Amino acid sequence: MNFAHILLSSMKGMFPSLLWWSVPPLIPFIIAEQIWPVHKAPRWRDYGMNLLISLSSACLTLPLGIAAGLWSADVRNFLGWKPISFSFHTIGSVPTAGPALRILAMIFVPLFLHDFWFYWAHRIEHRVPVLWAFHRLHHSDELMNTSTWARDHFLQNAWRAFFSVFTLGLIIDLDFTEAGQAAFYSFMFLAGLSLFYHSAIRARLPWLDRILVTPQVHRIHHSIDPEHYNKNFADALPIFDIVFGTYHRPQKDEFPVTGLGAYFPAPRSIWSAQFGPLLAIGKMLMPKDNPQIEK
Ligand SMILES: [Zn+2]
Ligand SMILES: [Zn+2]
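Note that the structure is a prediction, hence the values are computed from the model and not measured.

Caption draft 1: Looking closely at the overall build of the chain. Helix and strand counts for the chain stand at 11 helices and two strands. Along its sequence from the N terminus, the chain presents helices and strands in the succession α-α-α-β-α-α-α-α-β-α-α-α-α. The buried share of the chain, reckoned over its 295 residues, is 28%. Look at the contacts in the chain between residues 6 or more apart in sequence, and 74% of them connect residues 24 or more apart.

Caption draft 2: Looking closely at the nonpolar core. Ranked by internal contacts, the top residues of the largest apolar core, which has 20 residues, are Phe-29, Tyr-119, Leu-195, Val-213, Ala-234 and Ala-236. Of all the elements in the fold, those that place two or more residues in this core are α2 (27-35), α5 (98-125), α8 (176-198) and α9 (215-221). Element by element, the count of residues in this core is highest for α5, at four residues. Leave out the neighbours within four places in its chain, and Val-213 touches Leu-193, Tyr-197, His-218, Ala-234, Asp-235, Ala-236 and Pro-238.

Caption draft 3: Looking closely at the environment of Phe-154. Position of Phe-154 among the secondary structure elements: in helix α7 (residues 154-171). Residues Phe-154 and Ser-57, spaced 97 residues apart in sequence, show a C-alpha to C-alpha distance of 4.3 Å. Each residue touching Phe-154, except ones within four places of it in the same chain, is listed here: Ser-57, Leu-60, Thr-61 and Gln-274.

Caption draft 4: Quick peek at α5. Under the 1.5 Å per step criterion, the end-to-end length of α5 is 39 Å for 28 residues, consistent within 8% with the ideal 40 Å. For α5, the set of buried residues is Arg-102, Met-106, Pro-110, Leu-111, His-114, Asp-115, Phe-118, Tyr-119, Ala-121, His-122 and Glu-125.

Caption draft 5: Up close: the packing of helix α6 (residues 129-139) against helix α11 (residues 270-285). Where α6 meets α11, the closest approach of the two axes is 9 Å, and the angle between their N-to-C directions is 165 degrees. Judged by the angle between their axes, α6 and α11 are roughly antiparallel. Classified by chirality, the crossing of α11 by α6 is right-handed. From α6, Pro-129, Val-130, Ala-133, Phe-134 and Leu-137 reach across to α11, where they touch Ala-273, Pro-277, Ala-280, Ile-281 and Met-284. A breakdown of the residues in the contact of α6 with α11 according to their chemical character gives 10 nonpolar, no polar and no charged.

Cut-off values and rules
Throughout, a residue's number is its position along its own chain's written sequence, starting from 1. Chain letters start at A and ligand numbers start at 1, both assigned in the order the entries are written. Given that the model is predicted, a residue must reach a pLDDT of at least 70 before its local features are reported, and side-chain atom pairs must reach 80 or more before they are shown or counted; all residues, however, enter totals for whole chains, interfaces and linings. Only runs of H or I of at least four residues qualify as helices and only runs of E of at least two qualify as strands under DSSP, and these elements are numbered from the N terminus. Burial in this document is a count-based property: other C-beta atoms within 10 Å of a residue's C-beta are tallied, and the residue is buried at 20 or more, exposed at 12 or fewer, or partly exposed in between, with C-beta positions derived from the backbone. By the criterion used throughout, residues are in contact when their C-beta atoms, derived from the backbone, lie within 7 Å. In this usage, the nonpolar core is the set of buried Ala, Val, Leu, Ile, Met, Phe, Trp, Tyr and Cys residues whose C-beta atoms join them within 7 Å. Expected helix span is taken as 1.5 Å per residue step, with the number of steps being one fewer than the number of residues. Axis angles are defined between N-to-C directions and span 0 to 180 degrees, where every axis is a line fitted to C-alpha atoms and, for a helix, only to the segment in contact. To sort the angles, those under 35 degrees are grouped as roughly parallel, those over 145 as roughly antiparallel, those from 65 to 115 as roughly perpendicular, and the leftovers as oblique. Take the far helix as your reference; a near helix turned counterclockwise from it by less than a right angle gives a left-handed crossing, and one turned clockwise gives a right-handed crossing. Only Asp, Glu, Lys and Arg are considered charged, only Ala, Val, Leu, Ile, Met, Phe, Trp, Tyr, Cys and Pro nonpolar, and every remaining residue, Gly among them, polar.

Quick look at the structure:
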């Protein structure tokens, strides 16, 4: 199948499910945020702006994601590299507990791999100015809430898909049916967790803070306070922050304000959200004025 065919069939399958998956899962978290907000309860326009950004990014990312996947397969063929085969079948054949263990492995093996890759992609985004130019859109939410979970610029999604799918695709050869199932189970778990930890619920879960990312742990990552900059990068498992020295365990009453303040106020329109970072990158790439050149 060529690029156009894959794009068309993916778009057909994507649109009906996109709205279904983007709105109803937010509802229980929105209710909780309105009852137990961290500071000020998020307003409808905060949710609306995040939804607009996430839906437009999903549409704009699709062609880039498909191109990255096809390119990964081409590079693999070109290199003649034999990827490592991996299957969940052996786990499933364990007596009695086999099927349950297989589902758990399908959630946690991809999650562990994803999070290791995510940790480094995310840490690089905070270091490299071109990548930060679009990642800061996610951080610019002044009232971080459950709908911030997918407030990502489309180029950020494309870069992360490229970084994880492309590199993992080169290393591991998964059975396609199993890969689909594993991606589904782990995505459901991760999406639920991300909706939860972005929510502005005043919840303290110290017993969980080192095992899974919690709302308080991720709030530190979005904090406006310089003391919290470049902390808690993990998407699901804080173990990577603990091992690589970027973990900040939240204190009892540590619920910082989020956003980027005067440095980068939150964009007020979908156009400035999606095209502002492109203009900023364009300016970075423009040659600087050379005073030696005669005018
Ligand atoms: Zn970040
Ligand atoms: Zn976030």
